[in-house]
Amino acid sequence: MSECWVPAGATVCELCGTFKSDSVTHIVAENNSGSDVLEWLQLQNIKASSEFELLDISWLIECMGAGKPVEMAGRHQLVVRRNPSLSPVPGSQTVPPPPMQKISQYACQRRTTLNNHNQLFTDAFDILAENYEFRENEVSCLPFMRAASVLKSLSFPIVSMKDIEGIPCLGDKVKCVIEGIIEDGESSEVKAVLNDERYKSFKLFTSVFGVGLKTAEKWFRMGFRTLSKIKSDKSLRFTHMQKAGFLYYEDLVSCVNRAEAEAVSMLVKEAVVAFLPDALVTMTGGFRRGKMTGHDVDFLITSPEATEEEEQQLLHKVTNFWRQQGLLLYCDIIESTFEKFKLPSRKVDALDHFQKCFLILKLHRGLVRSEESGQQEGKDWKAIRVDLVMCPYERRAFALLGWTGSRQFERDLRRYATHERKMMLDNHALYDKTKRVFLEAESEEEIFAHLGLDYIEPWERNA
Ligand code: CTP
Ligand code: MN
Ligand code: MN
């Protein structure tokens, strides 16, 4: 016997890190079937040599008693059910599969990092979901969004239809697309969407800041297919937001990178602290989840000491300061409609009531620490979308959780609270309907604990 594995919970992870899997000759388990062990190895992406023995712990105990390896008998052998995707084990018997650890239908009970093993499938679902969104068909959109979300959480790539057995949120339409991609490497349905006139136009039009579904629909019906025709049309009227969207279009469609986000963070912190020295500024959104790029940079601002008046004034002072410096390219401040005792919203996609502003800032290249010198001729700055949210200090944990996303993670948190806990959660508060009380929290960890959920780190919320 050269090496031995004991797949029993936590210890096994430590063992796998240190053992060379190709030199393993015996795998020993306690209270697991052979199928359990093989599936577990496959889920961890561990390729053990096909020569190993799968044995019950009783064999190891007998060995230790004897002080040497004892002869392996049938009673030591672990049972493996027949499964074509797993390598056959000699001498194994066939029994019904024991259930593996179940994958939850809720994103808030899954850990979803940015390491997506199934991008081929999730990209396809994202496109199909978006197409239904453009057609305002929520009933068809949701299953594809949920399917994309659950596949993003898998620790292995799907290669055959067998691999998706037991995975939740995969209905017949979804399975059909998966099958198509497994067989042909692509989905005919996705291909059709990508060539669809309406989809292409909506995608293009909504890429302009300030253009939503209503406007895209109108322009599409009027026969427009390109942005240049729209921009130069004298009969169309544009909102301030859309005018800014066209003016800074190139900068805004090229994503914000991490170096740029960090530079914006410095600008925001400097300006905020100048007016409210005790204020806390936290980068939220995709960058807090570890993403390397984003369509904007999001920040949550709160202050333990500020009066209501000071709190309300801060975003005005900060944006006026940038305006004077010529850095404010677009600014829309939404005043707070927050009320202390308002119950959390029942809608999963409801907007919050905190004071906030949607901005476009001028970021000078000199402030960005970056290797790449991809500068445009004659322009030493880039327009960047920035969201600032101001919240009362005692609500900071709820606001942080709500503004960290992802959107799908937030939706499932609220759905879980409602359906599994009889609670109501939004960006401001958590309310227990059974006890009829608001549950307070100083940190995100406490909110997860109130909900009876294991804590999920921000970088595991990329659902
Ligand atoms: N959010 C919100 N209310 C809004 C806008 C956003 O609660 N009016 C929350 C959403 O839960 C979202 C998060 O704030 O997950 C960040 O929003 P957004 O910037 O749109 O998305 P990101 O996840 O940051 O993605 P991106 O990198 O594209 O910016
Ligand atoms: Mn964002
Ligand atoms: Mn945002």
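An unreviewed UniProt entry lists the protein under the name DNA nucleotidylexotransferase, with Rattus norvegicus as the source organism. Word for word, the UniProt comment on the protein under Subcellular location (unreviewed entry) is "Nucleus". Check the Cofactor (unreviewed entry) section of the UniProt entry for the protein; it says "Mg(2+)".

A.B. asks: Residue-level account of the side chain of Arg 396, with values.
C.D. replies: Within the element layout of this structure, Arg 396 appears in helix 16 (residues 396–404). You can call Arg 396 buried: its relative accessible area is 15%. For Arg 396, the contacting residues outside a window of four places in its chain are Leu 300, Thr 302, Cys 391 and Glu 442.

A.B. asks: Residues and numbers for the environment of Leu 359, please.
C.D. replies: Along the chain, the position of Leu 359 falls in strand 9 (residues 355–364). Remark: the alpha-carbon pair of Leu 359 and Thr 319, spanning 40 residues in sequence, is separated by 8.8 Å. Dropping the residues within four chain positions of it, Leu 359 is found in contact with Thr 319, Trp 322, Leu 328, Tyr 330, Cys 331, Asp 332, Ile 384, Arg 385, Val 386 and Leu 388.

A.B. asks: So what's going on with the pattern of salt bridges? Residues and values would help.
C.D. replies: According to the stated counting rule, one finds 23 salt bridges in the structure shown. Note that Arg 221 is salt-bridged to Glu 217, the shortest N-O span being 2.9 Å. Taken together, the residues Arg 221 and Glu 217, both in helix 9 (residues 213–221) and four residues apart, mark about one turn of the helix. Since its relative accessible area comes to 67%, Arg 221 is described here as exposed. Ionic pairing is found between Asp 251 and Lys 379, a salt bridge with its closest N-O pair at 2.7 Å.

A.B. asks: Tell me about the site of ligand 1, and please be specific about residues and values.
C.D. replies: Lining the immediate environment of ligand 1, one finds 16 residues, of which Gly 286, Lys 291, His 295, Asp 296 and Arg 407 sit closest. Arg 289 places a side-chain nitrogen or oxygen 2.9 Å from an oxygen atom of ligand 1. Within the side chain of Asp 296, a nitrogen or oxygen atom sits 2.7 Å from an oxygen atom of ligand 1. Protein chains shield 84% of the accessible area of ligand 1, which is 580 Å² for the free molecule. Elements with a contribution of two residues or more to the shell around ligand 1: helix 14 (285–288), helix 16 and helix 17 (407–421). Split into classes, the residues belonging to the shell around ligand 1 amount to two nonpolar, eight polar and six charged.

Rules and cut-offs
- Each chain has its residues counted from 1, following the order in which its sequence is written.
- Labels follow written order: the first chain is A, the first ligand is 1, and so on.
- Totals for whole chains, interfaces and linings use every residue, but because this is a predicted model, local features are given only for residues with pLDDT of at least 70 and side-chain atom pairs only at 80 or more, for both listing and counting.
- Based on all heavy atoms of the structure, the side-chain values leave hydrogens and waters out of the count.
- UniProt positions are given in the numbering used here, feature names are shortened, and annotations may be inferred rather than shown by experiment.
- By the criteria applied, helices consist of DSSP H or I runs no shorter than four residues and strands consist of E runs no shorter than two, each listed in order from the N terminus.
- Residue burial is assigned from relative accessible area. The probe radius is 1.4 Å, only protein chains are included, and a residue is buried under 20% of its type maximum, exposed over 50%, and partly exposed in between.
- We call two residues in contact when some of their heavy atoms are within 4.5 Å.
- What makes a salt bridge here is a side-chain nitrogen of Lys or Arg within 4 Å of a carboxyl oxygen of Asp or Glu, nothing more.
- We define proximity as follows: a residue is near a molecule or strand when any one of its heavy atoms falls within 4 Å of that partner.
- Polar contact is the term for a pair of N or O atoms within 3.5 Å; when the atoms are in protein, one must be able to donate a hydrogen and the other to accept it, and sequence-neighboring residues count only if both atoms are side-chain atoms.
- To measure how exposed things are, a 1.4 Å probe is used in the Shrake-Rupley method; for residues, cover is taken only from the protein chains shown.
- Three classes are used, and their members are as follows: Ala, Val, Leu, Ile, Met, Phe, Trp, Tyr, Cys and Pro are nonpolar, Asp, Glu, Lys and Arg are charged, and the others, Gly among them, are polar.

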